[in-house]
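# Understanding the architecture of this molecule
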Amino acid sequence: MPEQFAPQSVLVTGGAGFIGSNFIHSFISRNPGCRVVNLDILTYAGNLENLKGVEENPDYRFVRGDIGDAGLVSRLLAEFRIDAVVHFAAESHVDRSITGPEIFVRTNVLGTQVLLEESRRHWQAGVVPAFRFLQVSTDEVYGSLGDTGFFTEETPLAANSPYSASKAGADLLVRAYYETFGMPTLNTRCSNNYGPYHFPEKLIPLMISNIIGRRPLPVYGDGLNVRDWLHVKDHSIAIETVLKGGKPGQVFNIGGNNEWKNIDIVNLVCDLLDGKLGRQPGENRKLITFVKDRPGHDRRYAIDASKMRRELGWEPSYTFEKGIAETIDWYLANQEWVEHVTSGGYREYYEKQYGER
Ligand code: NAD
Ligand code: DAU
């Protein structure tokens, strides 16, 4: 195993979102004594209710702010003697990038550049003995696959949506900061995540919440597009593993080797929820509605994560069977959370905890 980096004070960006909040829960419980500063502007996707349970932890601090605010980022890096940045903050939904690409470039490209530049100044000032910048990215930067083959770390970037193009732009800036300045950067690229706190605009939580409410289940195109699903807790541990053991300047693909056609996932969720909700077998499938396809809809993603296994000894621990059943149970047990995020009611939680916005 490579030599381990031991962070003492981590700046997590976008820690109130789906993966960021799961990462903070996981990281804080596995690294007692390591400070975690969560910088999140709280867009529609940022929800502090995702962080209940860690807010009282003395190692944890929340700061509401923009990754594109150079003064704020610089102050946080210095004040908390940050020695690792784990960068999740982004606009993350492909459909929104088609109807409004501008904010994707502003947050994902320009915001990342500000974080990189302030990190470079902080790292070069030498106030911390070691430093890492980890860019959390996506398999979508590689474009789309045919029926066979996998994305490896050497696959050329060929992003197709404004979302994935903005992530690819950020990944190239991360590479540039390593190549040009020697800054110790790391870049992970992961497949589709699922699990708790997933915003119900994305396929799996949208289907669960629409089935519960007996609403139509919109399946894009012919439903035969393929995604490679990984439980968010496995992703969280993978990121921690790369942060501590990954060689700076490198890219690490993360995935669950778990390909599903969209329609098969939707059918599975329908059938599991027939049982859990006491409905007739086949009842939920009647809600499926094929709708117009997403423009530029990538056909298939599949990640070759063998470098993670070979170099860092990481493997997913969840089977999909266990993960999806647990996820459905989580949504059934947390319908108040779903109601809050769909109604925007979760914003009241911020005001109660932190005062007026
Ligand atoms: P999300 O949309 O659930 O959360 C994004 C978070 O970033 C929110 O809390 C939001 O408030 C915050 N944010 C947005 N703009 C900000 C800004 N300017 N300053 C500070 N905070 C800001 O996203 P997610 O699904 O958790 O994805 C997190 C990261 O992981 C993204 O970078 C995404 O590209 C990447 N990723 C996601 C998946 C997936 O399946 N969801 C897979 C691979 C990679
Ligand atoms: O691959 C990693 C990416 O996974 C991340 O980088 C993105 O941030 C994340 O949003 C996700 O992107 P996708 O576009 O794959 O996820 P989404 O849940 O939007 O869609 C999954 C598949 O389901 C996709 O083929 C489109 C389809 N779909 C989606 C929705 C929301 C439908 O058929 N119906 C729907 O209503």
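Structural data are supplied above this passage.
Residues numbered from 1 in each chain as written. Chains lettered and ligands numbered in written order. Predicted model: local features only at pLDDT ≥ 70, side-chain atom pairs only at ≥ 80, totals over all residues. Heavy atoms only, no water.

### Side note on the site of ligand 1
- Taken together, the neighbourhood of ligand 1 is formed by 28 residues, with Ile19, Asp40, Ser92, Tyr163 and Lys167 sitting nearest.
- Here a nitrogen atom of ligand 1 sits 3.2 Å away from a polar atom, N or O, in the main chain of Ile41.
- For ligand 1, whose accessible area on its own is 840 Å², the fraction buried by protein is 96%.
- Among the elements of the structure, helix H1 (18–30), strand S5 (132–138), helix H5 (162–181) and strand S7 (192–194) are those that each provide at least two residues to the shell around ligand 1.
- Ranked by residue count, the leading element in the shell around ligand 1 is S5, at 3 residues.
- Across the shell around ligand 1, the residue classes tally to 13 nonpolar, 12 polar and 3 charged. (Near = heavy atom within 4 Å. Polar contact = N/O pair within 3.5 Å; in protein donor to acceptor, adjacent residues only side chain to side chain. Areas by Shrake-Rupley, 256 points an atom, 1.4 Å probe, with all protein chains shown as cover. Helix = DSSP H or I, 4+ residues; strand = E, 2+ residues; numbered from the N terminus. Nonpolar A, V, L, I, M, F, W, Y, C, P; charged D, E, K, R; others polar.)

### Description of the packing of helix H10 (residues 320–333) against helix H11 (residues 335–343)
- Two elements in contact, H10 and H11, have axes whose closest approach is 5 Å; the angle formed by their N-to-C orientations is 75 degrees. With respect to H11, the element H10 is oriented roughly perpendicular. In this structure, H10 contributes Trp330, Tyr331, Leu332 and Ala333 to the contact, and H11 contributes Gln335, Trp337 and Val338.
- Among the residues forming the contact of H10 with H11, the class breakdown is 6 nonpolar, 1 polar and no charged. (Axes fitted to C-alpha atoms, helices over the stretch in contact; angles between N-to-C directions. Parallel < 35°, antiparallel > 145°, perpendicular 65-115°, else oblique. Contact = heavy atoms within 4.5 Å.)

### Observations regarding the packing of aromatic side chains
- Counted under the stated rule, the structure contains 14 aromatic pairs.
- A ring pair is formed by Tyr197 and Trp330, whose centres lie 5.0 Å apart and whose planes are at 70 degrees; its orientation type is edge-to-face. Pair noted here: Tyr197 is in the loop between S7 and helix H6 (203–212) and Trp330 is in helix H10, with a separation of 133 residues, a long-range link.
- Relative accessible area serves as the criterion here: at 15%, Tyr197 is assigned to the buried category.
- Overall, Trp330 belongs to the buried group, its relative accessible area being 17%.
- Ring centres of Trp330 and Tyr331 lie 4.9 Å apart, and the angle between their planes is 80 degrees; on these two criteria the pair is classed as edge-to-face. For the pair Trp330 and Tyr331, a shared accessibility class is recorded, and that class is buried.
- Through a chain of ring-to-ring contacts, three or more aromatic side chains come together here, namely Tyr197, Trp330, Tyr331 and Trp337.
- Cation over ring: Arg120 sits above Phe181, and NZ or CZ is 4.8 Å from the ring centre. (Phe/Tyr/Trp six-rings, centres within 6.5 Å; stacked < 30°, edge-to-face > 60°. Buried < 20%, exposed > 50% of the residue type's maximum accessible area, 1.4 Å probe, protein only. Lys NZ or Arg CZ within 6 Å of the ring centre and 35° of its normal.)

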